[in-house]
Amino acid sequence: MSDIWWQTAGEGKCDLVLLHGWGLNAQVWDCIVPLLSAQFTLHLVDLPGYGRSQGFGAMTLDEMAERVLAQAPARAVWLGWSLGGLVASRAALMAPERVTALVTVASSPCFSARDGWPGIKPSVLSGFQQQLSEDFQKTVERFLALQTMGTENARQDARRLKSAVLSLPMPSTEALNGGLEILKTADLRAALTALRAPFLRLYGALDGLVPRKIAPLLDAQWPQSRSLIVEKAAHAPFISHPQAFCEALEAFAAGR
């Protein structure tokens, strides 16, 4: 089994695994690594098929979580952004003794809109899958632009995301399609009611992909978890509001 790319940084006593979102790689965390390095030992990961973790095709959510668990520390806080939030959540369910706390960022247990559940229309995700085969780079760039739309520094934030993508090998169409299939079909709403680890959910108030309306729905369904909405942030609050993001994360880790 091939290894995925993994880098450790920081000198803190608390291990923190950071999982990026669809189409991206661990470079997205560059802006907050200096802010977190004192409190955490950071484990920066390129998910299978992304960035420097080449040689992987389409994977299921379980397969992706198993692959990251294979190289993860024995016990750590896991933080997942967007698609990475699903991977971190699945890992917490598969190996609860190893995930001491869970943080999801601009993520949803069910990204697809369902009856009575806000989310992305499945037809939109299917459209992205179709467009990948027609214009690979344009489709990824369009998705990145959606992630920062509405923020005060939207163009600058989008450039940072684009820079993270273009600085490393692009994921294969197969890997990207596999990730979109996870976003389209995964539903962990019921499964995560059984989670016993401390659980923090961070949202952007302006997020067009994960609407803030899901926060109170999950507050009611998962009373053991906590939610925080970052005002004026969209889908990447750690890029648009790094200081507020890191302060919330550090307070959660210290208080859990």
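Fair warning: this is a prediction, and the values are worked out from it, not measured in the lab.

1. Quick word on the sheet that holds strand E5 (residues 99-105)
And then number 1: The strand order across the open sheet built from seven strands is E1-E3-E2-E4-E5-E6-E7, with neighbouring strands paired in mixed fashion. Two strands close off the open sheet at either side, each with one partner strand: strand E1 (6-9) and strand E7 (226-230). Each neighbouring strand pair of the sheet contributes to a mean axis angle of 20 degrees, computed without reference to strand direction.
And then number 2: Summarising the sheet, strand E4 (residues 76-81) and E5 pair through six bridges and their orientation is parallel. Paired with Trp-81 across the two strands is Val-105, which belongs to E5.

2. Let's talk about the packing of helix H5 (residues 136-148) against helix H6 (residues 154-166)
And then number 1: Where H5 contacts H6, the axes come no closer than 9 Å and their chain directions differ by 140 degrees. The angle between H5 and H6 falls in the class oblique. Read as a crossing pair, H5 and H6 show a hand that is right-handed. Touching Gln-137, Val-140, Glu-141, Leu-144, Gln-147 and Thr-148 of H5 are Ala-154, Asp-157, Ala-158, Leu-161, Lys-162, Val-165 and Leu-166, all from H6.
And then number 2: Among the residues making up the contact of H5 with H6, the classes are represented as seven nonpolar, three polar and three charged.

3. Concerning the state of the cysteines
And then number 1: Applying the stated criterion across every chain, the model contains zero disulfides.
And then number 2: The structure places no disulfide on Cys-14, whose sulfur is separated from the nearest cysteine sulfur, that of Cys-246, by 13 Å.

4. Topic: the pairing of strand E3 (residues 40-45)
And then number 1: Burial analysis of E3 places six of its six residues in the buried class, the great majority of the element.
And then number 2: Burial of E3 is two-sided: the residues Phe-40, Leu-42 and Leu-44 facing one way and the residues Thr-41, His-43 and Val-45 facing the other way are all buried.
And then number 3: Two elements, E1 and E3, share four bridges in a ladder whose sense is antiparallel. Opposite Trp-6, over in E3, you have Val-45 as the bridge partner.
And then number 4: By the bridge criterion, six bridges tie strand E2 (residues 14-19) to E3 in an arrangement that is parallel. Residue pairing across strands places Leu-18 opposite Leu-44, the latter belonging to E3.

5. Points about the UniProt feature "binding site: substrate" (unreviewed entry) in the protein
And then number 1: The UniProt record marks Trp-22, Ser-82, Leu-83, Phe-143, Leu-144, Ala-145, Leu-146, Gln-147 and His-235 with the feature "binding site: substrate" (unreviewed entry), using the residue numbering of this structure.
And then number 2: Among the structural elements, Trp-22 can be located in the loop between E2 and helix H1 (33-36).
And then number 3: For Trp-22, the residues in contact, after removing those within four places along its chain, are Tyr-50, Leu-83, Leu-132, Val-140, Phe-143, Leu-176, Gly-179, Leu-180 and Leu-183.
And then number 4: Its place among the elements puts Leu-144 in helix H5.
And then number 5: With residues near it in sequence (within four places) discarded, Leu-144 still touches Leu-24, Leu-161, Lys-162 and Val-165.

6. Considerations on the pattern of salt bridges
And then number 1: Inspection of every chain in the model, using the stated rule, returns ten salt bridges.
And then number 2: Arg-90 serves as the salt-bridge partner of Asp-62, at 2.6 Å between the closest nitrogen and oxygen. Here Asp-62, found in helix H2 (residues 61-69), pairs with Arg-90, found in helix H3 (residues 83-94); they are 28 residues apart in sequence, far enough to count as distant.
And then number 3: Take Asp-62: its relative accessible area is 31%, and that puts it in the partly exposed class.
And then number 4: A salt bridge links Arg-212 to Glu-231; the shortest N-O distance between them is 3.6 Å. A residue pair is termed long-range when its members are at least 10 positions apart, and Arg-212 in the loop between strand E6 (199-204) and helix H8 (214-221) and Glu-231 in the loop between E7 and helix H9 (237-240) qualify at 19 residues.
And then number 5: Of the residues examined, Arg-212 reaches a relative accessible area of 36% and is grouped as partly exposed.
And then number 6: When salt bridges with common partners are traced through the structure, they connect Arg-114, Asp-187 and Arg-189 into a single cluster.

What counts, and at which threshold
- Residues numbered from 1 in each chain as written.
- Predicted model: local features only at pLDDT ≥ 70, side-chain atom pairs only at ≥ 80, totals over all residues.
- Heavy atoms only, no water.
- Pairing = 2+ DSSP bridges.
- Helix = DSSP H or I, 4+ residues; strand = E, 2+ residues; numbered from the N terminus.
- Axes fitted to C-alpha atoms, helices over the stretch in contact; angles between N-to-C directions.
- Parallel < 35°, antiparallel > 145°, perpendicular 65-115°, else oblique.
- Left-handed = near helix turned anticlockwise from the far one by under 90°.
- Contact = heavy atoms within 4.5 Å.
- Nonpolar A, V, L, I, M, F, W, Y, C, P; charged D, E, K, R; others polar.
- Disulfide = S-S within 2.5 Å.
- Buried < 20%, exposed > 50% of the residue type's maximum accessible area, 1.4 Å probe, protein only.
- UniProt positions renumbered as here; feature names shortened; annotations may be inferred.
- Salt bridge = Lys/Arg side-chain N within 4 Å of Asp/Glu carboxyl O.

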